[in-house]
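# Overview (structure and organization)
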Amino acid sequence: MTMTIDEAEIRRLLEADQPREALQSLLEQHGAAFYGYIVGLLRDEALAADAFQLFSLRLWRALPEFQWRSQLKTWAYSIARNAAYRTAQD
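Structural notes, computed from the coordinates. (Residues numbered from 1 in each chain as written. Predicted model: local features only at pLDDT ≥ 70, side-chain atom pairs only at ≥ 80, totals over all residues. Heavy atoms only, no water.)

## Topic: helix H3 (residues 45–62)
Look at H3: 25 Å from first C-alpha to last across 18 residues, which is about the 26 Å you get at 1.5 Å a residue. Among the residues of H3, Ala48, Ala51, Phe52, Phe55, Ser56 and Leu59 are the ones counted as buried. Projected down its long axis, H3 carries its buried residues within an arc of 145°, all on one side. Exposed side chains of H3 directed beyond 90 degrees from the buried face belong to Ala46, Gln53 and Arg61. Of the surrounding secondary structure, the elements contacted by the buried residues of H3 are helix H2 (19–42) and helix H4 (72–89). A side-chain oxygen of the first residue of H3 lies 2.9 Å from the backbone nitrogen of Ala46; this N-cap is Asp44. (Helix = DSSP H or I, 4+ residues; strand = E, 2+ residues; numbered from the N terminus. Expected span 1.5 Å × (residues − 1). Buried < 20%, exposed > 50% of the residue type's maximum accessible area, 1.4 Å probe, protein only. Arc of directions from axis to C-beta. Contact = heavy atoms within 4.5 Å. Polar contact = N/O pair within 3.5 Å; in protein donor to acceptor, adjacent residues only side chain to side chain.)

## Let's talk about the nonpolar core
Grouped together as the largest cluster of nonpolar side chains are 27 residues, with contacts concentrated most on Ile10, Ile38, Phe55 and Leu72. Elements with a contribution of two residues or more to this core: helix H1 (7–15), H2, H3 and H4. Considering every element that reaches this core, the biggest residue donor is H4, with 8 residues. (Core = buried A, V, L, I, M, F, W, Y, C linked by side-chain atoms within 4.5 Å.)

## Regarding unusual backbone geometry
Despite not being glycine, Asp17 has its phi angle at roughly 55°, a positive value. Within the fold, Asp17 resides in the loop between H1 and H2. In this structure, Arg43 is a non-glycine residue whose phi angle is positive, near 55°. Of note, Arg43 is situated in the loop between H2 and H3.

The values are spatial; any link to function lies outside them.
Shown next, in the form of C-alpha cells:
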C-alpha cells in the first residue's frame, strides 16, 4: 500500500507557524510506517526505537525549513534512513 501524506495539512500548519502540530500530524498519519521502515533497515527493535527518536528529533528541527521542492514523503524517508544509519554506527 502506498503511503500518502496530507501535504496540504502539513503545509497549512507550517505556514501558520505551527511546527509542533505539523510534526504531530505527520507522525500520527505515518509514524508507524516510518518506524516499520527503520525496523526493516536495522532489524533490531532496540536500535530501531533509538533511531525513531533520532528521526523524530531531526524531523522536528528540519520540518519548518522544508522547501516543498520534493515530496514530503521522500524527504522524510531520507531523514529516517539517515537516522537509522547514524544509530547503527553509534
